[in-house]
Each structure stands twice: as C-alpha cells, then as structure tokens.
Amino acid sequence: MNWKRSIIALLASAPVLALFAFGFTRNPAEIPSPLPGRPAPPFTLAVLTAGEGSHARTPGDTIRLSELAGKVVVVNFWASWCLPCRTEHNALSEAARYYSDKPTQFIGVLYNDSPSAGVRWIGELGGMSYPAVTDVESRTAIDYGLYGVPETFIIDPAGRVAHKHLGPITGDVLRRVIDSVLVSSGVADSVVAGAG
Amino acid sequence: MTGTIAHSALLVSVGVLALGVILTPVAVRSGRREWLQLVYGAAYTNFLLVTIATVAMVYALVTHDFSVSYVAAVGSRSTPLLFTIISLWGALEGSILFWAWVLAMYAAAVVWLHSRKPGNLIPYATMTILAVAAFFAILLVGPADPFRPVFPVPADGPGPNTLLQNHILMAVHPPLLYLGYVGMTVPFAFAIGAIVSNEATSNEWTLLSRRWMLASWGFLTAAIIAGMWWSYEVLGWGGYWAWDPVENASFLPWLTATAYLHSVMVQERRNMLRLWTLNLCVATFVLTILGTFLTRSGILSSVHAFTTGSIGYYFLGLIAVVLAATLVLVAGHSDRIRTPGKLGGAASRETVFLLNNLFLTAVMLTVLIGTLYPLIAEAIRGVKVSVGEPFFNRMTIPAMVALIFLMGVGPSLPWGSTTWADARKRLAPPLAGALIMAVIAIAVGTRSIYALLAFTFVGYAAMGNLREYWVGMRARRRAHGESWPTALTRLVRGNRRRYGGYVAHIGILFVAVGVTASSAFRTEREATLLPGETLTVSGKTVRLKGVWGREEPQRSVIGATLDVLGKDGAVTGTLEPRMNFYRVSDQPVPTPDVKSSIKGDLYVNLMAFEANGANATIKVIVEPLVPWIWFGGLVIVIGSIIGMFHSGRRAVPVRKAPASAPSDPPETAPEDEIVEALT
Amino acid sequence: MRRRAAFFAVLAVAALLAGASGAQTTTGTSAPGRSSVSTDSALEARTSAVAATLRCPVCQGESIQDSPSELAQQMRAVVRERLRAGESPEEIKAYFASRYGEWILLEPKMTGLNIVLYILPVVLVIGGLILVVALVRKWTRPV
C-alpha cells in the first residue's frame, strides 16, 4: 500500500473540492453590471403617463437624459406582467414624492409590454407619482444591460451611474443611495423651483 | 398513510444497507462466509423496500394524494395521466427516489447473477454498491424526503414543470439516463472490489465489469440521443445540443466509458494498460456523481437545474468521500495493479486504441474544464464569464473528427503487429469510400473544412467497418461454402464483441453524418404571415391556413395550421406548431412541429400571433439529415446489444500475426478457430 | 477494371446531384414589409454569426440567435443595425460586453486567465500525441 502516492493523489483532489465549496457561496444568477461608475447611457424616451408634482411631464413629450444634468435620476424598468414590480411600486412612488423638492427625476421605463397594459396596471395600483415612458424595441433597456425586470438605476447629477439594483427595490435602499448621491455631489441643499 | 408506509420502508432500508456494508468485511475477515448470505439478502431486501416506496409514490401521484409533499409540489388534477406518472422523476426528490430504485435493482441483479462466484470480489463489490445506495437512502429519509406529510392538505397542486409535460420522450429519456448513469456504479464497484480483495490483476473482474459497463454505456447512449431528440422537438430553436452544463455532465462519463470499452480490449489481449483502464472505470463513476452534483447543487446555471436546497452539500460530501476513497485505494495499490507493457509493433490495433483513448480523454478534459471554467474564473478573477456553444464546438470538433478517422483505421489493422507495408495495404481499400464521400460533400456544397473532413472520414470509416464484414463473410464462404446470410450470422456469432462493436461504429457514423449535415446546411427564415400567404426556405414552402385555439384542463393552446406545398403547389402535408400557455406559468412553452423524411426535417415553430388570429409569426428551419441522428442512436444500441451477449470466453493473448496480402482473410482470432472446430 | 468503371459512375451521379441541388441559400418569399427579418441574406448571415456568440440574458445559456424570447430578438435587431452601419463583430461584442459584462459573450475573451482555457485543450492533444508516440516506442523496443 503506497501511502505516499495516496497522499499526493488526495492533495491533488483538494483544489477541486475547494472549487465546489466555493461554488456554494456564489449565485450564478447574479451578474454584476459594468455600468456603476461609468457615464450613464443617454436615452430619449416618449412619455406615456404624466406623473405628479415636480416629476410630471406631458404625455407624448420626450425625456432626454441630457436635459436632466444636475439632477439625481432614478430609472426604474418595469412591466405589467412582472409580479415583483408590484411589490416595489409603492416604495418608488412614495420615494418620488418624498424627493420631489430635491433636484431628482424619477422615470419608469416600460419594458416589453403594450402601452395600454402598462396604463391599466398603473391605474390598478393607484397611480404612479412619476412619469412612465415607453422604450421602443427595448433599445434603452439593452443599452443599460437589462436582463430582467425590475431593475433600478440611480444616476448622479454628473451623469454617472451611481447604483444598479436588481429585483424589487425598497424605500430604504432608495433613500440611502439617493441621500448619499445628493450629499456627495453637493446639490443636497438646492431646491427645485416648482413643477415645470 | 401511503407516505408513512413509504417513509418507513426507506428508513428500514437505511438500516438494512448499513448492515450489509458493515457485515461484509467482518464476514470476509473472520472467515464466516455464511454471513455473506445476509449481505446478499440485504441487497434483495433493499430492492423490495425501495420498490414499495416507489410504487407508493406512483400511487400517490396517480390518486392525487396531496398530503404527500412531493405530490403537492408536482401533482395536479388537470395533468394527463401519463405525465402524472412520469412526474415521478420530474423534480428533485422524486428523481432521487428513482435513482435509488434503479440502483437497488442493479444491486439485486449483481447479487442474483454473481453471488455464487467464489472469492472476495463479489462480496466487496456488493458492499460498494450498497454503500452508494446507503447514501441515497439517507438523502431520502432526510433532506430529500418526498413523503413529508403536508397539512392542511391542499385541494390541488401546480403540476409538473411546464417544459416536462409536452412530449412523450419525457417518458423515455430519464429512465434510460438513470439506467445508464446509475449502471456505471456496477463496474466501479467491481473495480473497488477487485482492489480491496487483491484481485485487481486477475481478468475475472475485467470480464464482469466490461459487460456491465457496455450495458450502461448502451443505455447512456440511448439516453443522450433521446435527450437530444426531446430538446429538438420541445425547445423550439431547432437544435439538439447546446453544451449546457448538464448535457455536458452526461457526456463526460460517456466519453470515459467509450475509452474504457476500447482500452479494456488492449488489457485483455496484451495484459497492459491495467492501471489506466481501472482509472477510466473509476473516473466514469466519479463523473456520474459529479454530474448529479452539478445538476442538484445550483452552483452552475443550467436549463436542467433542479431547485436547490441543502442537498448540494450532501452531494459535495459524497464526491469528497468517493474521490478520497478511490484515490487512496487506486494510488495506494498502483504498484501492484500496474503491469509492464509490451506491444508487438507500432502498426497495430493497440496503437490505434491508444490514440482513441487520447482523443476521448482530451475531449473529456476540455469539456470538463470548459464547464467548470465560469466557477474557476469567478474564484480567481472575481468576474462572471460564460463558456458556451462557440467555445465547445471550436475546441472539441477537431478531436472528434480525428476520432471518426480512427474508427476506420482500427478495424482494418490487426491485433499484435504487422509491417508498415502490410498496414498500408490494409488501410488503402476504405480510401475509395473516403473519396466518394468527399466528392458528394463538395458536390452538395460543403465549404467548411471540418464538415468536409468529417464527411470524408465518415466515408472512410463506413467502408472500413463494412469491409470487415464483407471480408469475414467472404472467408467463411470460401472455407465452408455458406450462403451470404448464413455466413453473416455465423460470423457475428463467432465474435459478437467485435462485430457488435462495428455495428456501434456504424451507428456513430450515422449520427456524425446527421450532425454534420444539419449543422453545415441548416437554413432558416422567420416571417409574419396572413392566412393564405407562403414562406419558402431552401425550396420548401409552407402556407398558413389559419390560427386556432383550444382549452385544455391545464393549459390553453394556440396553434397555427400550415400546409406544406410540393413543387407543383399540391399539399403534401400539414404542420401544426403550437404555443402552450399553462395556467401556473407566465412563460409559454412552444411545441414546434416537424415533418421528417430521410433527407431531413422541415421544422416549424410558432413565434408569435395576433390576438384575434389575424396573423402568425413563424420560423421555418430546414434541417438536412437530422433523422439520421435518431436512427444512428438505434443502430448504436443494437450494436451494444450484440456485443453484450457473447460467450464470455476471454480473448486469447495474441501471437504475432503473419503479414498477409490483401486477398487473404484478416487474421482469424484463435476463438474463431475454436468456433469452427466446434461447429 | 470494373472497380474503376463503378467509381466513375459514382462520380457522374454526384456531378448530376450537384447540378440539380444548386447552392444553399436563405432567400425566401414572404409578405412584403411584414417580415421581421431583413431580406438581405448576406446581412442576415452576418447577423446570425454575431448573434450566435452573444448570450441571451433572459434564457439559460442560449444564444440570442437561438432564443425565441423578445429581448433576444430585439438584441438581434441591434446587432443587425450596427452591422449595417459598418461596425465590426468585435466592436459589436465589445458594446454588449460594456453594458452586460463579459458574461454576455458565449466565448470568453482571449485575455488573461482565459488564455489558459484555450491553450489547455491544444496542449492536451499535442502533449498526448507525444506521450503516445513515446509509449509505443518504449513498448516496442526489442528486449
């Protein structure tokens, strides 16, 4: 019984087992995005529903990212067929209202859905306090590296992606990120001068 | 009630198996061999107990007993009966139960067939199988318990995964897969038994092991082909192999098993490559456990992945134990197992088999590392990468094309050795086949170099293998004056292993042609049609007749009816691709429709439709020669069946074969002469 | 002599087949203006080639060429547009990788650690061939 060879063989198998053990600490479905820290991809999107207060836009108009320089932009991708989108809806609407006096703009981008279904969904859930926009052929979704809904991007006033959130977002996360972006970009104290 | 009976049976089986495992070394060491009867009895009892549990599960599924946790998870009153029965293996816990049952069956079969043999090989082999069975039994009463009571009892369940309810092949592929996969435990058990009982250098365990490996290999081949067929008919993209991690997991042991089936012949004739052959046998089993670990642990994303839980940790534990035990045993005894090697000459079948093993092992390692690489890259670089079809195709196709060529060389060369001049004479005739195929391939438009090589080598190997039959039959006719059919039957019966093997080769060649043609010449088009409009792809035309819908208990079905038009515009067939909207899922499952012929398939998938049925978007794919893949699978299985039922006489070590002119018959192995003397 | 005649007969048949079958094309007729793919078969072929190397983000390992999902089809449209605009396949792959990460590429970039992944199979085959040659020579050495 050649013990020396046995030990060597055993040691050779250790890295393989370690690799598998490592595999358990990882989630293969979680893909990190390369966007945070980089300039946010520009978009031009048509407004579907108006929203309220300082976030409001006229349906039929377009929103361009370039127009939103100097504001914290929250871009949320959603769809009426997406169940988790329902759970985050209230958090987003409330956060939008909460930050309406700060230089922020919330936008809800409808993903692979019919506009009528989107409008109906908004109505069912009691309204969206920020504009919903349509994304033709998902060009913007692809530009943002979307691989499911809901996903939320928070863009700082300098136009860089500060944060990407996978899955339904909560009020806590929204407040934490938006507050830190506002502070670090020095626009925390400026107040938006009423609805546009 | 059903659940309690089944769960109790499984609990008892844990005890029975533990008893069998512990009792074996005790019985052998102490010399009380009558206790071995208890060990064998444990194998039979375990089979009985697991059968009770399995029957109970099927009963619970069919009677919609939602108080049983597994039924509550996959059962539904609206699922058709057939799919209810086969949901036994459709989700995690049920599949583990099914694995345990197949393993119990194999254990009982091994004991039934071999327990009368003297020596310690069978006891220790049985012990090994029982130990593996014990692992699964522990899973079944613990983390993977399918019989947990559910309270309050729900009125109905969600039904099986919607992808698994669409096609009859779901009744075929998993059982074949388990018969193959689980069956590879048996040769492994013989290998371990041989080492532990100090019989690793004898040929007895090799003979036994080989036949069980051939049977498992046959099942696994059939399972892989059936899985490809299922994927082709259900998933809607017109492909049959995506290098998905779990597909790869079934391919890896197939590769090492194929290598084993060849190297074991060198071991028998030359008494060399012992350690290597043993390693292949052991590696095959380890790869099956690895495969099942990858499916059930969730560490790799895959279409096949079962829902995860703590069960992955248990499988990691099993891999660790299996790897450790086998590495210690094999490495520790390697000195004794190894035998000195001596070849008669370079121009021999043995050399070809060495090359065959090289390429098979290279493909296996490439696929293994490619499959695990996303994990490796994440561990080392911290980045998520994908390793998909383009990579695997690029890196494995050259080796696989080389293997096709070798399939033609091996049968033409003799065992032992021969001169290079003689080898050249033997290897020349199949070149005609190669040339014919090359010409045909170029004539139909093959441009890719690998496709051209593949076709050429298929021609070479086909002619090489068929020629072996012809030469053998011709020799018999000359020697005995037999008619062609008699010559064929007697030839095959005289050496089933060899001629069964050539049949399997021919089956592989059919598969190779089907795969090469459908990859190189596939054409597709997608279009939105109004009723009455046509779409033409590569000379095949379909016309949309209409869009329809119907309700079924578990799903809504939307379909499009298409006429297939012949050259003159007459209707030559109908195709009805469908989309199935299951109530429990928001993702529709497409069911493409396929019109098959010897020349290939016309494949139609329904991509989208207007809600009022005004139009339909269809994708039409023309896939040449795809049915040759399924047919080839059948031929391979026939070959393995022929090769399995041989007389069991082991091949006699070869003397140096005399150099022979092409018109002489190839060397008649000594056993042929024995047969001729006896008939 | 007979063998040679048979051989040429086969050649002749093959030549006939070649004439009859014609080249494989992907042109097709469909309702004008309603086709969801372009009728430029060369562009389509190039789109398929690039699409086959990009992973569908919402599927399990399929390429956007094979996946029937809406997002995959939309990504194919992006590929087609960029090809038409003159971008190279490398540039298109780099674009998707800059948005989705390296993960979107079905064949890992040949940089850094990934090189090992590509070299290893080649090393295995070449090294194995050398090994087999060495073994055969060792085992056939006259004693």
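Shown above is the structure to which this text applies.
First things first, this report covers the structure right here in the doc. Along every chain, residues carry numbers that run from 1 in the direction the sequence is written. In the order they appear in the text, chains get letters beginning with A and ligands get numbers beginning with 1. Only residues with pLDDT of at least 70 get local features here, since the model is predicted, and only at 80 or more are side-chain atom pairs given and counted; chain-wide, interface and lining totals rely on the full set of residues. Hydrogens and water molecules were not included; the side-chain quantities draw on all heavy atoms of the structure.

Some details on the pattern of salt bridges
Logical step 1: Here, a salt bridge means any Lys or Arg side-chain nitrogen found within 4 Å of an Asp or Glu carboxyl oxygen. Enumeration over the complete set of coordinates arrives at 29 salt bridges over all chains.
Logical step 2: The partner of A:Arg97 in a salt bridge is A:Glu52, and the shortest N-O contact between them spans 3.2 Å. With A:Arg97 in helix H2 (residues 83–98) and A:Glu52 in the loop between strand E1 (44–49) and strand E2 (62–64), this pair connects stretches of sequence that are 45 residues apart.
Logical step 3: The buried label applies to any residue whose accessible area, calculated with a 1.4 Å probe on protein chains only, is under 20% of its type's maximum; exposed applies above 50%, and partly exposed to all values in between. Its relative accessible area of 41% is what places A:Arg97 among the partly exposed residues.
Logical step 4: Given the relative accessible area of 37%, A:Glu52 is considered partly exposed.
Logical step 5: Between B:Asp422 and B:Arg426 there is a salt bridge, and its shortest N-O distance comes to 2.8 Å. With B:Asp422 and B:Arg426 both in helix H16 (residues 420–427) and four residues apart, this pair spans about one turn of that helix.
Logical step 6: Taking the relative accessible area as the measure of exposure, B:Arg426 reaches 12% and is therefore buried. A helix here means a DSSP run of H or I that spans at least four residues, while a strand means a run of E at least two residues long, and both kinds are numbered starting from the N terminus.

A word on a positive patch on the surface
Logical step 1: On the surface, a cluster of positive charge is contributed by B:Lys540, B:Lys567, B:Lys595 and B:Lys599.
Logical step 2: Mapped onto the elements, B:Lys599 comes out in the loop between strand E8 (593–597) and strand E9 (600–609). Patch rule: a residue counts if its relative accessible area is over 30% and it has no salt bridge; like charges are joined within 9 Å, and nonpolar side chains (Val, Leu, Ile, Met, Phe, Trp, Tyr) within 5 Å. Surface exposure here means Shrake-Rupley accessible area, sampled with a 1.4 Å probe, where a residue is shielded only by the protein chains that are shown. When charges are tallied, Lys and Arg are placed among the positive residues and Asp and Glu among the negative ones, while His and the ends of the chain are skipped. Charge coordinates come from a single atom per side chain, which is NZ of Lys, CZ of Arg, CG of Asp or CD of Glu.

Description of the environment of B:Glu378
Logical step 1: Structurally, the position occupied by B:Glu378 is in helix H14 (residues 349–381).
Logical step 2: Sequence separation between B:Glu378 and B:Leu19 is 359 residues; the distance between their C-alpha atoms is 43 Å.
Logical step 3: Should any heavy atoms of two residues lie within 4.5 Å, those residues are counted as being in contact. Once residues lying within four places of it in the same chain are set aside, the contact partners of B:Glu378 are A:Phe22, A:Arg26, B:Val383 and B:Lys384.

Some thoughts on the pairing of strand E1 (residues 523–529) of chain B
Residues and elements named next belong to chain B.
Logical step 1: Burial analysis of E1 places seven of its seven residues in the buried class, which makes it a mostly covered element.
Logical step 2: Of the two faces of E1, both are covered, the one formed by Thr-523, Arg-525, Ala-527 and Leu-529 as well as the one formed by Glu-524, Glu-526 and Thr-528.
Logical step 3: Pairing analysis gives seven bridges linking E1 to strand E10 (residues 616–624), with the strands arranged antiparallel. Bridge assignment links Glu-524 to a residue of E10, and that residue is Ile-621. Note on pairing: two strands pair once DSSP finds at least 2 bridges between them.

Some details on the sheet that holds strand E5 (residues 132–134) of chain A
Hydrogen bonding along the main chain pairs the strands of a sheet, whether they run parallel or antiparallel.
Residue and element names in this part refer to chain A.
Logical step 1: Here seven strands make up an open sheet; going across it, the order is E2-E1-E5-E4-E3-E6-E7 and the pairing mixed. Edge strands, defined here as strands with exactly one partner in the open sheet, are E2 and strand E7 (161–166). Each strand of the sheet is rotated relative to its neighbour by a mean of 30 degrees, with strand direction disregarded.
Logical step 2: Where helices are involved, their axes are fitted lines through C-alpha atoms of the stretch in contact, as for all axes, and angles between N-to-C directions lie from 0 to 180°. Packed on one face of the sheet, helix H3 (residues 115–124) meets E1, strand E3 (72–78), strand E4 (104–110) and E5 and runs near 50 degrees to E1.
Logical step 3: The strands that helix H5 (residues 171–184) touches are E3, E4, strand E6 (151–155) and E7; relative to E3, the one it contacts most, it runs at about 150 degrees.

Considerations on the nonpolar core
Logical step 1: We call a set of buried residues a nonpolar core when its members are Ala, Val, Leu, Ile, Met, Phe, Trp, Tyr or Cys and they connect through side-chain atoms within 4.5 Å of each other. Counting residues in hydrophobic clusters, the biggest one holds 176 residues, and the most contacted among them are A:Phe20, B:Met57, B:Phe136, B:Phe190, B:Phe293 and B:Phe315.
Logical step 2: The element contributing the most residues to this core is helix H9 (residues 204–234) of chain B, with 17 residues.
Logical step 3: The contacts of B:Phe190, once residues within four sequence positions are left out, are B:Val110, B:His114, B:Leu121, B:Ile122, B:Ala125, B:Trp205, B:Leu208, B:Ser209 and B:Trp212.
Logical step 4: The next biggest cluster of nonpolar side chains, apart from the first, holds 71 residues, and it includes A:Phe43, A:Cys82, A:Leu110 and A:Ile178.

Overview of the state of the cysteines
Here, disulfide denotes a covalent bond that connects the sulfur atoms of two cysteines.
Logical step 1: In this description, a disulfide is simply a cysteine sulfur pair whose atoms lie within 2.5 Å. Applying the stated criterion to the full structure yields two disulfides over all chains.
Logical step 2: Across a sulfur-sulfur distance of 2.1 Å, A:Cys82 and A:Cys85 are joined as a disulfide pair. In this structure, the disulfide formed by A:Cys82 and A:Cys85 twists by about 95 degrees around the S-S bond and is classed as right-handed.
Logical step 3: With relative accessibility at 1%, the residue A:Cys85 sits in the buried group.
Logical step 4: Through a disulfide, C:Cys56 is tied to C:Cys59; the S-S separation comes to 2.1 Å. Residues C:Cys56 and C:Cys59 are joined through a disulfide that is right-handed, its torsion about the S-S bond being 55 degrees. Like C:Cys56, the residue C:Cys59 is buried in the burial classification.

Comments concerning the interface of chain A and chain B
Logical step 1: Contact with chain A, which involves 22 residues of that partner, is made by 30 residues of chain B.
Logical step 2: We define buried area as the total accessible area lost by two parts upon association, computed with a 1.4 Å probe and summed across both. Together, the buried faces of chain A and chain B total about 2,200 Å²; carbon and sulfur atoms form 76% of this surface.
Logical step 3: A:Arg5 serves as the salt-bridge partner of B:Asp335, at 3.0 Å between the closest nitrogen and oxygen.
Logical step 4: Any N or O atom pair separated by 3.5 Å or less is treated as a polar contact, with the protein-specific requirement of one donor-capable and one acceptor-capable atom, and with residues adjacent in sequence counted only for side-chain atom pairs. Our count for the chain A to chain B interface comes out at seven residue pairs in polar contact (both at pLDDT 80 or more).
Logical step 5: Class assignment of the residues belonging to the side of chain A that touches chain B gives a composition of 14 nonpolar, five polar and three charged. Polar here means any residue outside two lists: the nonpolar Ala, Val, Leu, Ile, Met, Phe, Trp, Tyr, Cys and Pro, and the charged Asp, Glu, Lys and Arg; Gly therefore counts as polar.

As for the sheet that holds E8(B)
Residue and element names in this part refer to chain B.
Logical step 1: Spatial ordering of the open sheet is given by E1-E10-E9-E8, a layout of four strands whose pairing is antiparallel. Looking at which strands have only one partner, the edges of the open sheet turn out to be E1 and E8. Geometrically, the sheet is characterised by an average inter-axis angle of 15 degrees between neighbouring strands, direction not taken into account.
Logical step 2: Sheet analysis places E9 next to E10, joined by nine bridges and oriented antiparallel. If you follow Tyr-603 over to E10, its bridge partner there is Ile-621.

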